[in-house]
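# Examining the three-dimensional arrangement
Spelled out, the chains give:
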Amino acid sequence: MLDVEANKIERFPLADSHLLKFAGCSPWQDRWGRTHLAGLWMGRSRPDKDFTNGLARYALPSREVLDRVEMDVIPASPPCWFPDTSARILFAGTDGRLYRFSFEDPRNPNSAADDKRSPLPLIWQSQPPAGLMRVSAPTWPSDPRLEGKIIVAVTIAEGPLIQPVLRRASQTQLWWLQLSRDYSAIVAGAPLISKEAANSAERMVVEDLPVIATLSDGRIVLAYLACGESETTHRLRLAPLMIQGSSNLPSVDEATAVECSGRFLLSPPAFSGDGLWVYGVSQPSQDPVRIERFSVAEVLAGNPT
C-alpha cells in the first residue's frame, strides 16, 4: 500500500486471500477511524468451498475482513468509491459495463457469509458512443463543481468490422459521464480531452486510469496514463481541468498536458491529500516496485523531473 501522506510503501499480509487484484482504498475513514480496502478477491471463502472470486472488503490498519462476496461479475479495474462516507462503489466488469454495488445492502438471512449479492449495471439513458467496446477505470471526483460526474476510460473500436474473427483496432479515451440522481444510469457523456490543438509526434491510442485532485488555489488537475501506438509502457501526464458553462462540463486541452519524466506501468497514479504531489509506479530497473513522486506545481510549470 502506498501511503501518500507519509510518502512510503507498506507491505502487509491479508488473511485467507489467495489473490487480491485491482484493490483501492476509500477516500474517507469510518467512525472508528478505519480506511476500507476493496478489490477483486480470488480464493476459497471456506476450506470446503471451491475456488471462487468476488469482491472483498477489509478494514485497515487492522486488516479485518468486513465482507467477502461471491459474484458472477468479475471486476476489471480498481473500484471507485462513492464520494460520501457510504460503503458503496462503482467498478468496471470484464464484460465492459459499469456496475454499482453496496456493501451495506442486507444479506439474505438464510445464506452464508459468502452469499452472492449481485451488483447492478448502470444503464445508458443517453446514446452510448458508436463502436463502444468497454468502459473501465472509473474515478469519482470529490470536488462539488463536478457533482454527479465521473471520469472513465472508454474503449472504442476503430473502423468497420470486416471479419468477426479478426481483432478490431481500438482507441481508449477519457470521457466524463453524468450519472442520474440515484446513480443508476448514465444520462450524458462526452470525451474529456480535446485534441484539436495538440502537437504530438505520436498518436496516443490509450488514455487510462484517470485521477482528479483539487489544489489549494481551487484549480482542478487531472493525472492519467497515456500510451502511443508503438509503445509498451505508459507516460504519466498532468493537465489542468476546466469547468465550462452552467452545467459545469469538464474539459482538458491536450496541448496543456505535461508529461512527467520516465516511463510507467499501467497502475493508477495517486495524488497526496493536499494535491501537492503525484505518484506513479515507474517501469522498474531492478526493484520489484518503484514509486516516483513529482511536485504537481513543478510539473505544471514545465519541470517534469
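Summary of the structure given here. These numbers were taken from a predicted model, which means no experiment stands behind them. (Residues numbered from 1 in each chain as written. Predicted model: local features only at pLDDT ≥ 70, side-chain atom pairs only at ≥ 80, totals over all residues. Heavy atoms only, no water.)

Here we take up the pattern of salt bridges. Per the stated rule, a full pass over the model turns up 14 salt bridges. The partner of Arg57 in a salt bridge is Asp67, with the nearest N and O atoms 2.4 Å apart. On the criterion of sequence distance, the pair formed by Arg57 in strand S5 (residues 52-60) and Asp67 in strand S6 (residues 64-70) is long-range, its members being 10 residues apart. A single network of salt bridges, built from pairs that share partners, joins Glu231, Arg235, Arg237, Glu254, Glu259 and Arg263. (Salt bridge = Lys/Arg side-chain N within 4 Å of Asp/Glu carboxyl O. Helix = DSSP H or I, 4+ residues; strand = E, 2+ residues; numbered from the N terminus.)

Judged by relative accessible area, which is 11%, Arg57 ranks as buried. Within the structure, Arg57 has its side chain in polar contact with the side chain of His36 (distance 3.1 Å). A distance of 2.4 Å separates the side chain of Arg57 from the side chain of Asp67, its partner in a polar contact. Setting aside its immediate chain neighbours within four residues, Arg57 contacts His36, Leu37, Ala38, Glu64, Val65, Leu66, Asp67, Trp81, Ala87 and Phe103. (Buried < 20%, exposed > 50% of the residue type's maximum accessible area, 1.4 Å probe, protein only. Polar contact = N/O pair within 3.5 Å; in protein donor to acceptor, adjacent residues only side chain to side chain. Contact = heavy atoms within 4.5 Å.)

Attention shifts here to the pairing of strand S9 (residues 98-102). Burial within S9 is extensive, with four of its five residues counted as buried. For strand S8 (residues 88-92) and S9, the ladder comprises five bridges, and the chain directions are antiparallel. By the bridge assignment for S9, Ala92 is matched with Leu98. Where S8 hands over to S9, the hairpin turn is made up of five residues, of which Gly96 adopts a positive phi near 90°. Direction of pairing for S9 relative to strand S10 (residues 120-121): antiparallel, over a ladder of two bridges. Residue Tyr99 lies in a different strand from S10, and its bridge partner there is Pro121. (Pairing = 2+ DSSP bridges.)

This brings us to the nonpolar core. Within the largest apolar cluster, 35 residues are counted, with the highest numbers of intra-cluster contacts made by Leu192, Leu222, Leu238 and Phe271. Among the secondary structure elements, those contributing two or more residues to this core are strand S13 (149-157), strand S14 (170-179), strand S17 (204-214), strand S18 (220-228), strand S19 (235-244) and helix H1 (296-300). Sequence-distant contacts of Leu238, defined by excluding residues within four places in its chain, comprise Val221, Leu222, Ala223, Thr256, Ala257, Val258, Cys260, Val278, Val296, Val299 and Leu300. (Core = buried A, V, L, I, M, F, W, Y, C linked by side-chain atoms within 4.5 Å.)

One open sheet accounts for four strands, arranged S7-S8-S9-S10; its pairing is antiparallel. Strand pairing shows two members of the sheet lacking a second neighbour, strand S7 (80-81) and S10, which therefore form its edges. As paired strands, S7 and S8 are joined by two bridges and run antiparallel to one another. Residue pairing in the sheet places Trp81 in a bridge with Ile89 of S8.

So, on to the sheet that holds strand S22 (residues 270-271). Sheet strands pair via backbone hydrogen bonds, and the direction of the pair is either parallel or antiparallel. In spatial order, the strands read S22-S23-S24; together these three strands make up an open sheet with antiparallel pairing. Each edge of the open sheet carries a strand with a single partner, namely S22 and strand S24 (291-295). For S22 and strand S23 (residues 277-281), the ladder comprises two bridges, and the chain directions are antiparallel. Residue pairing across strands places Ala270 opposite Tyr279, the latter belonging to S23.

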